[in-house]
Amino acid sequence: MEIEILSAAQCEQLRQLIAAAEHIMVCCHQNPDGDAIGSCLALAEYLRMHDKDPMVAVPDKYPDFLQWMPGTERIVRYDKHPEQVETAFAQADLVFCLDFNRPERMEKMGEVMEASSAKKVMIDHHPDPTIDTVLCISHPEMSSTSELLFRVIWQLGGFEEMTRKIAVPIYCGMMTDTGGFTYNSNRPEIYFIISQLLTKGFDKDKIFRNVYNNYSEWRLRLIGYVLYQKLNVIPEKHASYFCLTRRDLKSFHYLKGDAEGLVNMPLQIKGMKLSISLREDTERDNLIWVSLRSVDDFSCTKVAETYFNGGGHLNASGGRLNCSMEEAEKIAQQAIRELEG
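Just so it is clear, the structure is predicted and the values come from calculations on it, not from any experiment. (Residues numbered from 1 in each chain as written. Predicted model: local features only at pLDDT ≥ 70, side-chain atom pairs only at ≥ 80, totals over all residues. Heavy atoms only, no water.)

As a further point, take the overall build of the chain. What the chain contains, in helices and strands, is 12 helices and 12 strands. A globule of 341 residues ought to have a C-alpha radius of gyration of about 20 Å, and the chain, at 20 Å, matches this closely. Considered along the principal axes of its C-alpha atoms, the chain spans approximately 55 × 45 × 35 Å. Pairs at least 24 apart in sequence give 66% of the contacts found in the chain among residues at least 6 apart. Carbon and sulfur atoms form 46% of the exposed surface of the chain, whose accessible area is close to 15600 Å². (Helix = DSSP H or I, 4+ residues; strand = E, 2+ residues; numbered from the N terminus. Rg over C-alpha atoms; globule rule 2.2 N^0.38 Å. Contact = heavy atoms within 4.5 Å. Areas by Shrake-Rupley, 256 points an atom, 1.4 Å probe, with all protein chains shown as cover.)

Okay, structure coming up:
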């Protein structure tokens with residue numbers, strides 16, 4: 001099974017960059033998801049096995065259902081410890097940018113990353129990267145950054161020494177970025193990689209439970225509320241959308257991650273091609289987070305780019321709007337009206 005993605009020259013370049021580095025940063029995008037956290041933790045552990053002491057820095061909070069992963073206790077949040085992260089970036093000589101393609105996806109931390117004089121390596125699966133790097137490992141056709149990282153470690157000859165502390169976050173990242181291998185996961189190499197990861201002796205079923213069966217009672221009540229009272233279905237356009245206001249979230253004791261996966265549920269309706277979720281930020285006014293999901297060859301990426309200042313993948317994309325929820329809903333309605341029937 002062919003899983004190599006780097007040239008011999010790129011492999012050697014990466015080995016030399018790691019060997020020469022004394023202060024390494026590993027970072028990801030704002031609102032980190034399972035792929036972002038998983039790939040960061042796995043890479044950091046790989047670097048530690050090579051006598052490095054990297055800092056994993058993330059812009060802000062990540063969901064509770066990811067905090068069981070090995071190494072999360074070492075993650076430093078920029079929103080909580082800005083001076084520590086800024087100092088680390090200033091001292092760094094090598095920065096790994098994982099699971100994001102543009103500095104803006106890190107918000108304020110992106111400015112700090114860009115200001116660092118360190119050499120930068122990007123490993124990502126989002127299209128059209130703009131980060132200034134010495135090595136750009138960009139493959140939008142891949143299921144996840146975690147899959148990419150496995151391939152990189154494999155090519156560096158690191159599989160034999162790979163421990164569960166590396167294998168588990170990689171598997172979790174691949175699983176979460178494909179919705180439990182239900183989209184963007186048709187290539188056979190993905191399952192070869194899974195088979196190799198499983199030789200490291202972890203329980204993949206437990207990982208599934210840790211992520212998908214680890215919510216509060218209020219998460220289930222929120223699901224019921226969304227599906228019964230908030231879901232708008234437009235059958236003739238094979239599309240749906242729902243809006244979650246700050247008041248809604250407060251009523252259901254919202255914790256970060258509680259809305260994860262809700263956008264997928266309307267696609268269970270027969271004939272649905274597109275689902276859109278609009279969620280009001282819990283702290284900042286006039287900020288709406290947008291998630292889009294689609295099926296088959298219907299591209300939600302185009303919808304995200306055209307209407308929601310976003311992008312992503314064929315069947316899973318995201319965006320944001322700087323407006324009120326009322327205005328955001330009108331934009332979603334417009335986007336659906338202009339879809340081909």
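Its location among the elements puts Ile-234 in strand β7 (residues 232–234). A C-alpha to C-alpha distance of 9.1 Å links Ile-234 and Met-272, two positions 38 residues apart in sequence. Setting aside its immediate chain neighbours within four residues, Ile-234 contacts Ala-239, Ser-240, Tyr-241 and Ile-336.

For the second largest pocket, the calculated volume is near 170 Å³. As for the second largest pocket, its lining consists of Lys-273, Phe-298, Ser-299, Lys-302, Val-303, Thr-306, Tyr-307, Ala-335, Glu-338, Leu-339 and Glu-340. Across the lining of the second largest pocket, the residue classes break down as 5 nonpolar, 2 polar and 4 charged. (1 Å grid on protein atoms, 1.4 Å probe; cavity = no way out; pocket = protein on both sides within 12 Å on 5 of 7 lines; lining within 4 Å. Points joined across faces, edges and corners; volume = space filled by probe spheres on them. Nonpolar A, V, L, I, M, F, W, Y, C, P; charged D, E, K, R; others polar.)

Considering all chains together, one arrives at 16 salt bridges under this definition. Between Arg-15 and Glu-12 there is a salt bridge, with the nearest N and O atoms lying 3.8 Å from each other. Placement of the pair is Arg-15 and Glu-12 together in helix α1 (residues 8–20), with a separation of 3 residues, close to one helical turn. Here Arg-15 falls in the partly exposed class, since its relative accessible area comes to 36%. (Salt bridge = Lys/Arg side-chain N within 4 Å of Asp/Glu carboxyl O. Buried < 20%, exposed > 50% of the residue type's maximum accessible area, 1.4 Å probe, protein only.)

Closest axis-to-axis distance for the helix α3 (residues 82–91)/helix α4 (residues 108–115) pair is 8 Å, and the angle between their directions is 25°. As summarised for this structure, α3 and α4 are arranged roughly parallel, according to the angle between their axes. Classified by chirality, the crossing of α4 by α3 is right-handed. Taking contact as the criterion, the partners of Val-85, Glu-86 and Phe-89 in α3 are, on α4, Met-109, Val-112 and Met-113. Of the residues belonging to the contact of α3 with α4, the class tally is 5 nonpolar, no polar and 1 charged. (Axes fitted to C-alpha atoms, helices over the stretch in contact; angles between N-to-C directions. Parallel < 35°, antiparallel > 145°, perpendicular 65-115°, else oblique. Left-handed = near helix turned anticlockwise from the far one by under 90°.)

Our focus in this paragraph is the side chain of Asp-248. Its place among the elements puts Asp-248 in helix α10 (residues 246–251). Not counting chain neighbours up to four residues away, the residues in contact with Asp-248 comprise Tyr-225, Lys-230 and Cys-243.

With that settled, the discussion passes to the environment of Cys-40. Its place among the elements puts Cys-40 in helix α2 (residues 34–48). Classification of Cys-40 by relative accessible area gives buried; the value is 1%. Residues within four places of Cys-40 in sequence aside, it is in contact with Val-26, Cys-27, Cys-28, Val-56 and Leu-98.

The final tally for this structure, using the stated rule, is 1 cavity of 30 Å³ or more. In this model, the largest cavity occupies a volume close to 40 Å³. Listed by contribution, the elements that provide at least two residues to the lining of the largest cavity are α1, α2 and α5 (145–155). Residue composition of the lining of the largest cavity, by class: 10 nonpolar, no polar and no charged.

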